[in-house]
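Report on the structure
Take a look at the letters that make up each chain.
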Amino acid sequence: MIKMKLSGKVAIITGATDGIGKATALKFAAEGAKVIMIGRSEAKGRSAETEVRKLGDAFYVQADVSDSSHVKRFVEETIKKYGRIDVLVNNAGIVHAGTILTTSEEKWDEIIDINLKGVFLCCKYIVPHMQKNGGGVIVNVGSINSMMAMENEAAYDASKGGVLMLTKAIAVDFAKSNIRVNCILPGAVESTMLNASLNAASDPAQAREWTIQRHPVHRFGKPEEIADVALFLAADAPPFLTGAVIPVDGGIMAGWV
């Protein structure tokens, strides 16, 4: 009998109703994890929950990761139901186009609150439970924007740069607690968020082709490809791997000019 990689593990995944998050929930459930799927859209959440439940144990919680009361609630619900949290995947994120001049203060706050503060809050309230269990794994989903600025994405660039450094800070602070913390940097991945961003361009078709051509593999990534790396970090990665930044970007940072 083949042992599932995450058998008996309890995993919280934010932004789990679509794209990378849902793909990760599907893979984790298929590998035996009990999956708690966090998202803001009730309709998308229930649909994704139904899909993931065909593969394993999963339930959806409607919550906003930028609100500490929401985070505390879904952490408490998880502990009440399962008694532990072994894996956290911080995937929730949004993007809005704009320079510092065209980005409103409200949009700036929204992006920073969800993309960066959300990671802070989830880690803040989940790490103590991992410490009680003797360890755990945190996978943060950054972006190639964590290391290279993109034109007209000032707030998103700042938020994802923050995720990278927060990953390193948490890895250093909690290494002695046997908590591994690593960061994935996806390139352009087929998703609702990517399509919305491209469709907002003055010439969506041109923007799509330009973005594809900037990746040496000349295609967009698939959500499942990012989920594969999240699964590796959660299940197969050696204990010595922490504080790492892993590009999964079709070679874009290697070949960017």
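The structure we're discussing is the one just above.
The structure displayed is predicted, hence computed values, not measured ones.

Helices and strands together make up the secondary structure of the chain, namely nine helices and seven strands. Compactness check: the chain gives a C-alpha radius of gyration of 17 Å against a globular reference of 18 Å for 257 residues, within 12% of the reference. Based on the C-alpha atoms only, the size of the chain along its principal axes is roughly 50 × 40 × 40 Å. Within the chain, the proportion of its 257 residues that are buried is 49%. In the chain, of all internal contacts separated by at least 6 residues, the share reaching a separation of at least 24 is 70%. For the chain, the accessible surface area stands at approximately 12,100 Å², while carbon and sulfur atoms represent 55% of it. In the chain, 28 positive and 28 negative side-chain charges are present, and the distance between their average locations comes to 9 Å.

Let's shift gears to the pattern of salt bridges. Where charged atoms from two side chains of opposite charge approach closely, those side chains can pair. Summed over all chains, the structure comprises 12 salt bridges. For glutamate 42, the salt bridge identified is with arginine 46, shortest N-O distance 2.8 Å. Of the two residues, glutamate 42 and arginine 46 both sit in helix α2 (residues 42-53), four residues apart, roughly one turn of that helix. Classification of glutamate 42 as partly exposed rests on a relative accessible area of 33%. Between glutamate 110 and lysine 107 there is a salt bridge; the shortest N-O distance is 3.4 Å. Remark: lysine 107 and glutamate 110 occur in helix α4 (residues 105-133); sequence separation between them is three residues, near one turn of the helix. Salt bridges sharing common partners tie together Glu42, Arg46, Glu49 and Arg53.

This brings us to unusual backbone geometry. Here the phi dihedral of asparagine 178 falls at roughly 65 degrees; this positive angle occurs in a residue that is not glycine. Its place among the elements puts asparagine 178 in the loop between α5 (154-174) and β6 (179-186). Positive phi outside glycine occurs at histidine 218, with the angle close to 60 degrees. Topologically, histidine 218 is positioned in the loop between α7 (204-214) and α8 (223-236).

To continue, consider the nonpolar core. The nonpolar side chains of a soluble globular protein tend to be buried, and buried together. Counting 36 residues, the largest nonpolar core has Ile12, Ile36, Ile38, Phe74, Leu88 and Ile138 as the members making the most contacts within it. Those elements giving two or more residues to this core turn out to be β1 (10-14), β2 (34-39), β3 (58-62), α3 (68-82), α4, α5 and β6. The leading source of residues in this core is α4, at nine residues. Apart from the residues within four sequence positions on either side, isoleucine 36 is in contact with Val10, Ala11, Ile12, Ile13, Phe59, Val61, Thr78 and Tyr82.

Let's shift gears to α3. Over its 15 residues, α3 extends 21 Å from the first C-alpha to the last, a length consistent with the 21 Å expected when each residue adds 1.5 Å. Among all positions in α3, only Val71, Phe74, Val75, Thr78 and Tyr82 are buried. Relative to the axis of α3, the buried residues are bounded by an arc of 100 degrees and lie together on one face. Facing away from the buried side of α3 by more than 90 degrees, the exposed set consists of Glu76 and Lys80. Downstream of α3 by one or two residues, glycine 83 has phi in the positive range, about 80 degrees.

About the thresholds
Residues numbered from 1 in each chain as written. Predicted model: local features only at pLDDT ≥ 70, side-chain atom pairs only at ≥ 80, totals over all residues. Heavy atoms only, no water. Helix = DSSP H or I, 4+ residues; strand = E, 2+ residues; numbered from the N terminus. Rg over C-alpha atoms; globule rule 2.2 N^0.38 Å. Buried < 20%, exposed > 50% of the residue type's maximum accessible area, 1.4 Å probe, protein only. Contact = heavy atoms within 4.5 Å. Areas by Shrake-Rupley, 256 points an atom, 1.4 Å probe, with all protein chains shown as cover. Lys, Arg positive; Asp, Glu negative; His and termini not counted. Charge placed at Lys NZ, Arg CZ, Asp CG, Glu CD. Salt bridge = Lys/Arg side-chain N within 4 Å of Asp/Glu carboxyl O. Core = buried A, V, L, I, M, F, W, Y, C linked by side-chain atoms within 4.5 Å. Expected span 1.5 Å × (residues − 1). Arc of directions from axis to C-beta.

Any functional reading would require information that these geometric values do not contain.
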